[in-house]
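Residue-level structure breakdown
These are the residues of each chain, in order.
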Amino acid sequence: MMFWSDPINFIGAWLHSVFSGWGMSAGPAGTLVAFLGILILIVFALVLDIMLVWVERKVVARFQDRLGPNRIGPFGLIQPFADIIKLIIKEDITPEGADKVVYNIAPVLAATAVILLWAILPIAGTITAVDLNVALLFLVAAGSLGTLAIIMAGWASNNKYALLGAFRMVANMVSYEVPMVVTLLIPAIITGTMSVKGITEFQSGVWLVVLSPLAAVIFTISAIAELGRAPFDLVEAESELTAGFNVEYSGMKFGWFYASELLHSYTFGGFISVLFFGGWQVPFLMADGFHFGSALVALPGIVVTLLQAVSFLVKAMIGYWVIMWVKYSMPRVRIDHMLAFNWKFLTPLSLAVLIVTALMDKLLASTNFYVLGMFLSNVVLAWITIEILRGVGRRQRKAEETALQPAMDAAHH
Amino acid sequence: MQNAWLYIGLFLVIGIVIPVAPLLISWLVAPKKPNPIKQSTYECGIETVGDSWVQFKAQYYIFALVFLVFDVETVFLFPWAIAINKLPIFAVFEGILFILILVAGLVYAWRKGMLEWI
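Residues numbered from 1 in each chain as written. Chains lettered and ligands numbered in written order. Predicted model: local features only at pLDDT ≥ 70, side-chain atom pairs only at ≥ 80, totals over all residues.

Glancing now at the overall build of chain A. Counting secondary structure elements, chain A contains 15 helices and 5 strands. Taken along the three principal axes of its C-alpha coordinates, chain A extends 100 × 65 × 40 Å. When the 413 residues of chain A are sorted by exposure, 46% land in the buried category. For chain A, long-range pairs separated by at least 24 residues make up 76% of all intrachain contacts whose partners lie at least 6 apart in sequence. (Helix = DSSP H or I, 4+ residues; strand = E, 2+ residues; numbered from the N terminus. Buried ≥ 20, exposed ≤ 12 C-beta atoms within 10 Å, placed from the backbone. Contact = placed C-beta atoms within 7 Å.)

As structure tokens, then:
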């Protein structure tokens, strides 16, 4: 194994030999190497998180035709570090009557939930912290831990607004989890594996968004709802609940809620890219270099790994940018509309997509027009959905008109 | 595979220690000057009335029941989804029948007016 062909595993093996040379047995040395690797990954995620604060503030400023942070450092890049120092030296206020244990655990849990998601994120071909064979279930489980943190925070604060925010989060979670899990089944059907690494490797030719565009859209919508971001941000609806679940938090505890929300969004951007947009796949790039037809531009493994990592991080950033784009251009949805949208539209549609995908995948499995057939079946399904929606809308308008008619007649007389 | 869950365990440990560290630093350096007014519950500046932990009408408990059914049953679909290429066509139709029974449950709840915000 050479450094130039597989840098991560090379460094791992080298460290392992160094620790063995110091007299450690194989077991503890391996654990120590894993510990260091995980530490580096988590620190990377948190540094990225700090930069996300800057990205978020800068992007929202541009959406609202402002400049955003631009005083501290070039383009305001040092701003988030100044924010952290401020958050740390702020007085931490625990409200009277709060459930202190739960109140203090909640922000830690919010951050832990996101960090756990990074365990299964495949960053490049040779960089996946843990290649779980049940990664999709792990994604659902760890993803909803963040919701638990919000519920704990809202309940423990002893504040009615926070409690209402927590109750809304429960409603949010129990609704949008269903289409999310159902659309997670679709990559599993097409690729035949639940490991995110396997799903990414499957997409070396065709991205899953081509095979199932509807699933990608449904997954993105339900991910936004799970994150509790606008237009589904009823959890913290400022105009109704001051700040919702985190209204009683101050200092670094509030900081963790804010930071974990941003990192959660970015991580879900990453999962959207892994599940539907090829993750670390770069077009034409294989493990040994670029393949253009029969021509091969050979590249050393370290460059391939770097390109893959950059590809993944950029795709995740694009996913995050779409989530921000939706957040800053949509008004907040009313809660009954939000639940109706999920139960009467997203859930039936996702089940229909699931049935169609399972059938088409089985019927077209060994034919030449597999990709085309999958894509067209999604297009047809989308068209039928739009027709049904149009029919329902027309009927509702007609019902409203007939209901208004007597009143209008009376007004004329 | 045993190893993989060991890594997840390591992630969990580090993932708890790292968020706690800044909270500890903050606890060491931040000023601590509590007083009753500062610590009172913040509700838009108006003094709070009564206890927060009251009985509350969760209007979506029916949704929660429907969710429970769906979430448990979709988990059963994962093994079917993974093995779909190896299954005979009959087993695929069986899986689809299972989903259709789920849909029937949803339609029933819908027709009964359970999916309305009450």
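So, on to the environment of A:Gln203. All names here are of chain A. In this structure, Gln203 sits in the loop between helix H8 (196-202) and helix H9 (208-211). For Gln203, a count of 23 C-beta atoms within 10 Å translates into the label buried. Sequence separation of Gln203 and Arg334 is 131 residues, and the distance between their C-alpha atoms is 38 Å.

Attention now goes to the pairing of strand E5 (residues 295-298) of chain A. All names here are of chain A. Pairing between strand E4 (residues 289-292) and E5: 4 bridges, direction antiparallel. By the bridge assignment for E5, Gly289 is matched with Ala298. Count of turn residues in the E4/E5 antiparallel hairpin: 2 residues, of which Gly293 carries a positive phi of about 60°. (Pairing = 2+ DSSP bridges.)

Let us now look at the nonpolar core. Soluble globular proteins tend to pack their nonpolar side chains together in the buried interior. Residues and elements named next belong to chain A. Residues Leu117, Ala119, Ile120, Ala153, Ala166 and Leu185 are the most contacted members of the largest nonpolar core, which totals 133 residues. If one sorts the elements of this core by residue count, helix H7 (residues 160-191) sits on top with 22 residues. Split by domain, the residues of this core number at least three in each of domain 1 (1-89) and domain 2 (93-378). Leaving out residues up to four positions away in the same chain, Leu117 has contacts with Leu139, Ala142, Gly143 and Thr267. (Core = buried A, V, L, I, M, F, W, Y, C linked by C-beta atoms within 7 Å. Domains from an automatic or database assignment.)

A few words on the sheet that holds strand E3 (residues 285-286) of chain A. Residue and element names in this part refer to chain A. With respect to topology, 3 strands assemble into an open sheet ordered E3-E4-E5, the strand pairing being antiparallel. At either end of the open sheet lies a strand with only one pairing partner, and these are E3 and E5. Direction of pairing for E3 relative to E4: antiparallel, over a ladder of 2 bridges. Paired with Met286 across the strands is Gly289, a residue of E4.

Now for the interface of chain B and chain A. With 57 residues of chain B at the interface, the matching set in chain A holds 69 residues. Every element with two or more residues in the side of chain B that touches chain A is listed here: helix H1 (2-29), helix H2 (36-39), helix H3 (61-82) and helix H4 (89-111) of chain B. The class makeup of the residues in the side of chain B that touches chain A is 43 nonpolar, 9 polar and 5 charged. (Nonpolar A, V, L, I, M, F, W, Y, C, P; charged D, E, K, R; others polar.)

Let us look at helix H3 (residues 79-89) of chain A. Residues and elements named next belong to chain A. For H3, the complete set of buried residues consists of Gln79, Pro80 and Leu87. Buried positions in H3, seen along its axis, are confined to an arc of 90° and lie on one side of it. Along its buried surface, H3 packs onto helix H2 (26-63) and helix H12 (251-276). (Arc of directions from axis to C-beta.)

Residues and elements named next belong to chain A. For chain A, the assigned domains read domain 1 (1-89) and domain 2 (93-378). A straight line from the C-alpha centre of domain 1 to that of domain 2 covers 21 Å. Counting residues at the interface gives 20 residues for domain 1, matched by 18 residues for domain 2. Counting only elements with at least two residues in the side of domain 1 that touches domain 2, the list comes to helix H1 (7-21), H2 and H3. With 11 residues, H2 is the largest single contributor of residues to the side of domain 1 that touches domain 2.

Take the environment of B:Asp71 next. Relative to the assigned elements, B:Asp71 resides in helix H3. Spatially, the C-alpha atoms of B:Asp71 and B:Val29 are 45 Å apart, while their sequence positions differ by 42 residues. Beyond its immediate chain neighbours, meaning those up to four positions away, B:Asp71 contacts A:Glu177, A:Val178 and A:Val181.

Turning our eyes to something else, we now look at the packing of helix H4 (residues 100-117) of chain A against helix H5 (residues 135-143) of chain A. Residues and elements named next belong to chain A. At a minimum axis separation of 9 Å, H4 and H5 run at an interaxial angle of 165°. Here H4 lies roughly antiparallel to H5, going by the angle between them. In this structure, H4 meets H5 at a crossing whose hand is left-handed. Within the contact between the two elements, H4 uses Ala113, Leu116 and Leu117 and H5 uses Leu139, Ala142 and Gly143. Of the residues belonging to the contact of H4 with H5, the class tally is 5 nonpolar, 1 polar and no charged. (Axes fitted to C-alpha atoms, helices over the stretch in contact; angles between N-to-C directions. Parallel < 35°, antiparallel > 145°, perpendicular 65-115°, else oblique. Left-handed = near helix turned anticlockwise from the far one by under 90°.)

The next thing to look at is the environment of A:Val304. With respect to the helices, strands and loops of the structure, A:Val304 is situated in helix H13 (residues 301-329). Apart from the residues lying within four places of it in its own chain, the contact partners of A:Val304 are A:Leu285, A:Ala287 and A:Leu299.

Residues and elements named next belong to chain A. Where H3 meets H12, the closest approach of the two axes is 6 Å, and the angle between their N-to-C directions is 135°. Between H3 and H12, the crossing angle belongs to the class labelled oblique. Facing Ile84, Leu87 and Ile88 of H3, the residues of H12 in contact are Gly251, Met252 and Gly255.

Once that is clear, we can look at the confidence of the model for chain B. All names here are of chain B. Considering every residue of chain B, the mean pLDDT works out to 81; 92% of them sit at 70 or more. Within chain B, H2 has the poorest average pLDDT of any element, 78, and H4 the best, 87. Overall fold confidence (pTM) sits at 0.87, and the ipTM for the predicted complex is 0.85. (pLDDT = per-residue confidence, 0-100.)

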